[in-house]
Amino acid sequence: EISFTEGREFKAGQGEYMTLSTPKSFSAQEYKNEYKLTSGELEVSVDKATGSVSYYKKGTLLFSEDPLQEKMLSKFDALRLKKNGIIETMDIKTADGIKKRVVSAEREYYDSFYETRTHFVFDKDEAIYGLGQYEEGVFNHRVTTRYIHQANKQISLPVFVSSKGYGVMFTTMSPAIFSDTSYGTYLYTSADRYIDYIFMAPASYEDIVSNIRRMTGSAVMLPKWAYSYVQSKERYETEKEILEIAD
């Protein structure tokens, strides 16, 4: 796990849900230009000058942050609707009838977060998979931009795996952007406590999935009734409409 913050402390509220194991043994060494942490076949190198992190397995470089691009943390204040505050609305005509639109609302400060950006370096012929499931049919996310947020007809995950046999999972719970274009290769998050991600390089892709499942918890099975015939529509406007359809 790699974590990076602006200050000296990591603010609570991110990643606490993760279940991480402690290495059975590891060694840490300091050299002129870097720090090295070794555990089993894996070795992590931290560049003293740039703070960029590189990951090796059996002496072979698998993945690294971009030493030419600094990690970005941009702090901002988050606001929420003030309880019992003043809300101004207006009626608008829509396809579903008359709706109320909020014109203005009284807000108040409730917390501070960071926009973050972590830059990577991929090999030229390296393929990047994952990030969820989408309709566009893009399998390899190289030379693409992917907006990672939950929406209709897509399921987003801040996780990618490489054709080189490693996986990276960010603990962000905010909308994010994966980019591998002329604008840079990075993962941007819109509201985090700090930069935090897990690097995994086990023996197989199946082990990467197993590690993610172990860290985040087992998926709950749906109840039996949910496996029968299901019919859906956008929504029902009133209780009266639901009862009329049921009759």
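As a reminder, the structure under discussion sits directly above these lines.
The structure contained in this document is the topic of the report that follows. All of these numbers come straight from a predicted model, not from anything done at the bench.

**Things to note about helix α1 (residues 205–216)**
For step 1, the next point in the chain: Its twelve residues give α1 an end-to-end C-alpha distance of 17 Å, which sits within 8% of 16 Å, the value for a rise of 1.5 Å per residue.
For step 2, the next point in the chain: Those residues of α1 not exposed but buried are I208, N211, I212 and M215. Taken end-on, α1 shows its buried residues confined to a sector of 100 degrees, consistent with a single buried face. Among the exposed residues of α1, those pointing more than 90 degrees away from its buried face are E206, V209 and R213.
For step 3, the next point in the chain: Turning to α1, the residues buried within the fold contact β13 (155–162), β14 (167–170) and β17 (195–200).

**Some remarks on unusual backbone geometry**
For step 1, the next point in the chain: Although it is not a glycine, N84 sits at a positive phi angle of roughly 60 degrees.
For step 2, the next point in the chain: Here N84 lies in the loop between β7 (72–81) and β8 (87–94).
For step 3, the next point in the chain: Despite not being glycine, L131 shows a phi value in the positive range, around 70 degrees.
For step 4, the next point in the chain: Relative to the elements of secondary structure, L131 occurs in strand β11 (residues 128–133).

Here is what the cut-offs are and how they apply
- Residues numbered from 1 in each chain as written.
- Predicted model: local features only at pLDDT ≥ 70, side-chain atom pairs only at ≥ 80, totals over all residues.
- Heavy atoms only, no water.
- Helix = DSSP H or I, 4+ residues; strand = E, 2+ residues; numbered from the N terminus.
- Expected span 1.5 Å × (residues − 1).
- Buried < 20%, exposed > 50% of the residue type's maximum accessible area, 1.4 Å probe, protein only.
- Arc of directions from axis to C-beta.
- Contact = heavy atoms within 4.5 Å.

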